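# Descriptive analysis of the structure
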Amino acid sequence: MKQVYKFRSIYFFYGILTAVIFYSQTWKTAAAGMQVPDFRSPLTNRTDTTRPPAVKDSIRVLTPSRTDTTRLPLPDSLQKQKTDTFSFRMSKDSLDAPVKYEAEDSAVVLVQDKKILLYGKTKTEYKDITLTAPKVEIDQQTQVVTAVNSKDSTGEVAEVAHFKSGDNEFTSDTIRFNFKTQIGLTKNTYSQQGEFLVIGEVAKKVSESTTFIKGARFTTCLLDDPHFDIKTNKMKVINQKLAVSGPAHLEFEGVPVPIYLPFGFYPLSQGRHSGLLPPQFTTNEQYGLGLEGLGYYKVISDYWDAKLYGNIYSYGGWSANLNPTYRKRYRYSGAFNLSVQVTKLNFKGDPDFLKNKSYFVTWSHAVDSRARPGTNFSASVNAGSTKYNQLVPNSNQINFQNQLGSSIAYSKSWAGKPYNLTLSANHNQNNLTRLINVSLPDAGFTVSTLYPFQKKEYVGTLKWYQKLGVGYNGNFRNQVSFYDTAFKLKNLIDTLQWGAQHSFPITMSLPPVLNGAVIISPNVAYSQVWIAQKFRRKWNTANQKVDTVISKGFFMDHQVQFSLNFNTAIFGTYQFRKSRIVAIRHVIRPSFSINYKPDLSKSHFYSDTVNTDGDVFRFSEFEGALYPGFSEGRTGGIGFQVDNNLEMKWRSKKDTGESAIKKVKLIDGYGFSTGYNFLRDSLKLDPVNIYLRTTLFEKISITANTVLNPYQVNEKGAIIDKYAWDGGKFKLGTLTYGSISVSSSFKSKPKDPKKEELRKKEIETRLNDPSLIGDQRRLLDYMQSNPSEFIDFNIPWQVNVGYSLSFSNRLKDDYSGFEKDFTSNINFNGSFNLTAKWNFSASGFYDLDTKKLQTFTMGINREMHCWQLSINVTPVGLYRSFNFSISPKASVLQDLKINRTRSFTNF
């Protein structure tokens, strides 16, 4: 408060002094018949607003009205209006806006020198200029303001001067700036330009946006003493647009790199702008030396841009990519990529020389739901040559991607109507078998449940028949299949298949019984399929083999089902005493159904011999169709299913009261389902489906399911009509299919929880940003190929482990019996910090069937503040590689990196 009063007393004293001088000068001027001299207030550096403005003389001779004829005209000398010459004259060096200033410590006004000295956290404002500094001097005569830093007792800078004007902002040790001419001179200046930090020994600001710098340093390391910079003796900077320099060179920790550039051009503008894409050098054992990523980026409009780039290798291989993207906020967004790849492995004359031409197309499109409510169009296309992924250089993850799929879909729903239409084109391909399937068109039409006996407006409780509902589901599909190695138009027509499926479900909701404990729901469903071909096997006695015959045409199959379902839930709780476990609750959800289905498909099944032993198998003639028809035989029986879950409440030692009671799911769900057909002549008991899913300790996820055959099998694995427990030995049956997967993730707590939250928000924002939809696939591919570049040093360690096992019964190719196919594997990945700046990571895939490590990658990473270093090695697998990379973290300098890559292929 003392400092404030001191400042106000100075201001009050100076105001009285100004008034005295003003009135003394006014009376002297009036007495001498002269004009009042120009006077500027040294406090505000502007024309004194306390002085009354010059006014015109209000004494004038009145003239008679023009319409008055009774008065005589007066002489012309009496009609003239007199004006007083008393007025102000503005000084040429006056400012056109006020200067506002304040100081926390004190302000000293030098009246005779027309200067103002400010001390202690000062702030000076003029128009859009804001200057803060520990010490400031304002010269009213020259309109120059001088700001300097302050130092502590050790000579270190304690507080610097800070200048801000529009987009221009910097800090300096010394600032001299002319308010009138907008020209300034600074020393030891730091200025942030986008991701760049510009440091200058001496900087001269010649206009609002242009600055010349002597002894400039250019860097993305935001430290007072940067780890690296680009150094040049002279530079011109245009704020937030560009910087141009003379000869420049790199420095690391003050040590110059003996590589000089004749000039430098540094774009500073934010957002998108067209320009060249610099390449990176690489080497590969199969492809030779190469340049990757060379191209051009073009901003076409506010909604469109495109990137054209490619790779070229010394053995003759090359690739070209065209990647346009488009986006319109609140409407749609998407990206397209066309890649052509000409591969030449090794050199001509080498026994392993390979030449291949392949292509790949990706397209993603999404529509904002607010653009056209009720209508949606989406696309996700990933298609290309089956050899493309295998031949992509330096990308182990892409090399192993063998399953590709695409979908282009349009859907329409009518407001207030129960109709929904879907049109789509789908594609899938297997790069190992080289089989490609294309479905075009794939149409679906759905009518939601209608209640024909229910009035639009009703009062009271609905009658039972008014709850009768009828719906419709229809699908039509057209599909062609071909191998890319034998693609011919004639063969394509031969593989053409089409089909349709119709379903009319009839449902009814009955009131619950037993006080709402049991829910009863009857159902009736009629289904029909349209099929374009028949597929029949026939034993050829002459050649002793099975021949196949395909007949084209129009065929139909029908099915009618009747069912009555009963559902309920049973709750049981066991309370514990004198234990941390409070209670365990068991929920049982049994479901019982009575069903009937007549045999409408019997005529579409046949039996035939399949081998020389005379074994006979039964087949469906619609096998392999798009809609394969329905099962044969009458069904009149029951269905039974039991679903369970277990939950536990326990008391934590860390909390008290109600907050100490924690709820944990022990088993998310487990149970079984089966059925019994009274009308079947044999094998009346259906296979038993058993499943389990749980998450132990919120860390270990387990999913398992299996199919149990309750009947015995003969020596060839065929099922016979005899229960497994018949014959004296108790046995539940044989497992015909099963799978189990266990996965878990463990990681330490983050060093900085706030930093971890920010990272999660950034990832979520990026994934949900429609403008980045085209970059997400490329980003994920790059992350998979270069996992070490995305190491989070904020997490000291993390480990992810997964195990999977599956088996199934498969009919042998010679129909001599069945055999079990087993697949099991372990996948793992993890990382841990060796030190605060070093991190080790590894990932791999181990096949338990072959007992071989199929792939293994390890890497070591160094956190270097503004730079990152990574070394990755893949010593095992079909694709082996070594990579060394060191690059800046800033996105604008991603091309300023040293990269060394070697790849080896074991074909």
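As shown above, the structure is provided for reference.
Described below are features of the structure shown in this document.

Here is what the cut-offs are and how they apply
- Positions within a chain are numbered from 1, following the residues in the order the chain's sequence is written.
- Since the coordinates come from a predicted model, pLDDT governs what is reported: local features require at least 70, and pairs of side-chain atoms require 80 or more to be given and counted, while whole-chain, interface and lining totals use all residues.
- Side-chain measures here rest on the full set of heavy atoms in the structure, leaving out hydrogens and waters.
- Just to be clear on terms, a salt bridge is a Lys or Arg side-chain nitrogen sitting within 4 Å of an Asp or Glu carboxyl oxygen.
- A 1.4 Å probe rolled over the protein chains alone gives each residue an accessible area, and that area as a share of the maximum for its type sets the label: buried under 20%, exposed over 50%, partly exposed in between.
- We define the nonpolar core as a collection of buried residues of types Ala, Val, Leu, Ile, Met, Phe, Trp, Tyr and Cys that are connected through side-chain atoms lying within 4.5 Å of one another.
- Note on conventions: DSSP H or I runs of at least 4 residues are helices, E runs of at least 2 residues are strands, and numbering of each starts at the N terminus.
- Only heavy atoms matter for contacts: two residues are in contact if any of them lie within 4.5 Å across the pair.
- Under the rule applied, a polar contact is a pair of N or O atoms within 3.5 Å (in protein, one hydrogen donor and one hydrogen acceptor; residues adjacent in sequence only if both atoms are side-chain atoms).
- His is not counted, nor are the chain ends; Lys and Arg add positive charge and Asp and Glu add negative charge.
- Disulfides are defined as cysteine sulfur pairs within 2.5 Å.
- Under the pairing criterion, centres of Phe, Tyr and Trp rings, with the six-membered ring standing for Trp, must be within 6.5 Å; the plane angle then separates stacked pairs below 30 degrees from edge-to-face pairs above 60, leaving the rest tilted.
- Either the NZ atom of lysine or the CZ atom of arginine qualifies as a charge over a ring when it sits within 6 Å of the ring centre and within 35 degrees of the ring normal.

This paragraph deals with the pattern of salt bridges. When the charged atoms of two side chains with opposite charge come close together, those side chains can pair. Per the counting criterion, the structure on display carries 17 salt bridges. Here Arg370 ties to Asp368 by a salt bridge, and the two come within 2.9 Å at their closest N and O atoms. You can call Arg370 exposed: its relative accessible area is 57%. Residue Glu819 pairs with Arg810 through a salt bridge whose shortest N-O separation is 2.0 Å. Judged by its relative accessible area of 31%, Glu819 is partly exposed. Salt bridges sharing common partners tie together Lys534, Arg536 and Glu621.

On to the nonpolar core. Of all hydrophobic cores here, the largest spans 22 residues; its most connected members are Leu118 and Ile175. Those elements giving two or more residues to this core turn out to be strand S3 (99-102), strand S5 (115-126), strand S6 (129-139), strand S7 (144-148), strand S10 (161-165) and strand S12 (174-178). Here this core gets five residues from one element, more than from any other, and that element is S6. Beyond its immediate chain neighbours, meaning those up to four positions away, Leu118 contacts Tyr101, Glu102, Ala103, Ser106, Ala107, Thr124, Pro134, Lys135, Val136 and Ile138. In this structure, Ile213, Val237, Tyr266 and Cys866 belong to the second largest nonpolar core, which totals 21 residues.

For the rest of this paragraph, the subject is the side chain of Glu863. Tracing the sequence through the fold places Glu863 in strand S50 (residues 852-864). In this structure the side chain of Glu863 is engaged in a polar contact, spanning 3.1 Å, whose partner is the backbone nitrogen of His865. With sequence-adjacent residues up to four places away left out, Glu863 is seen in contact with Phe793, Lys837 and Lys889.

With respect to the helices and strands, Asp139 occurs in strand S6. Although Asp139 is buried, it makes no salt bridge; Lys115 carries the closest opposite charge, 4.1 Å away. A distance of 3.0 Å separates a polar atom in the side chain of Asp139 from the backbone nitrogen of Gln141. Separated by 3.4 Å, the side chain of Asp139 and the backbone nitrogen of Thr142 make a polar contact.

Turning our eyes to something else, we now look at the state of the cysteines. Here the structure, examined in full by the defined rule, presents zero disulfides. With no disulfide partner, Cys221 has as its closest neighbouring cysteine sulfur the one in Cys866, 3.5 Å distant. Judged by its relative accessible area of 6%, Cys866 is buried.

Below, the discussion takes up the packing of aromatic side chains. Throughout the structure, instances matching the rule amount to 33 aromatic pairs. Residues Tyr126 and Phe179 carry aromatic rings whose centres are separated by 4.9 Å and whose planes lie at 40° to one another, so their mutual orientation is tilted. With Tyr126 in strand S5 and Phe179 in the loop between S12 and strand S13 (184-193), this pair connects stretches of sequence that are 53 residues apart. Side by side, Tyr126 and Phe179 carry an identical accessibility label, which is buried. By the ring-pair criterion, three or more aromatic residues cluster together here, those being Tyr126, Phe163, Phe170, Phe177 and Phe179. The ring of Tyr309 is capped by Lys307, whose NZ or CZ atom sits 5.0 Å from the centre of that ring.

Glancing now at unusual backbone geometry. For the bond from Leu440 to Pro441, the omega torsion is -5°, close enough to zero to count as cis. The topology assignment puts Pro441 in strand S31 (residues 435-450). Positive phi outside glycine occurs at Lys121, with the angle close to 50°. Along the polypeptide, Lys121 turns up in strand S5.

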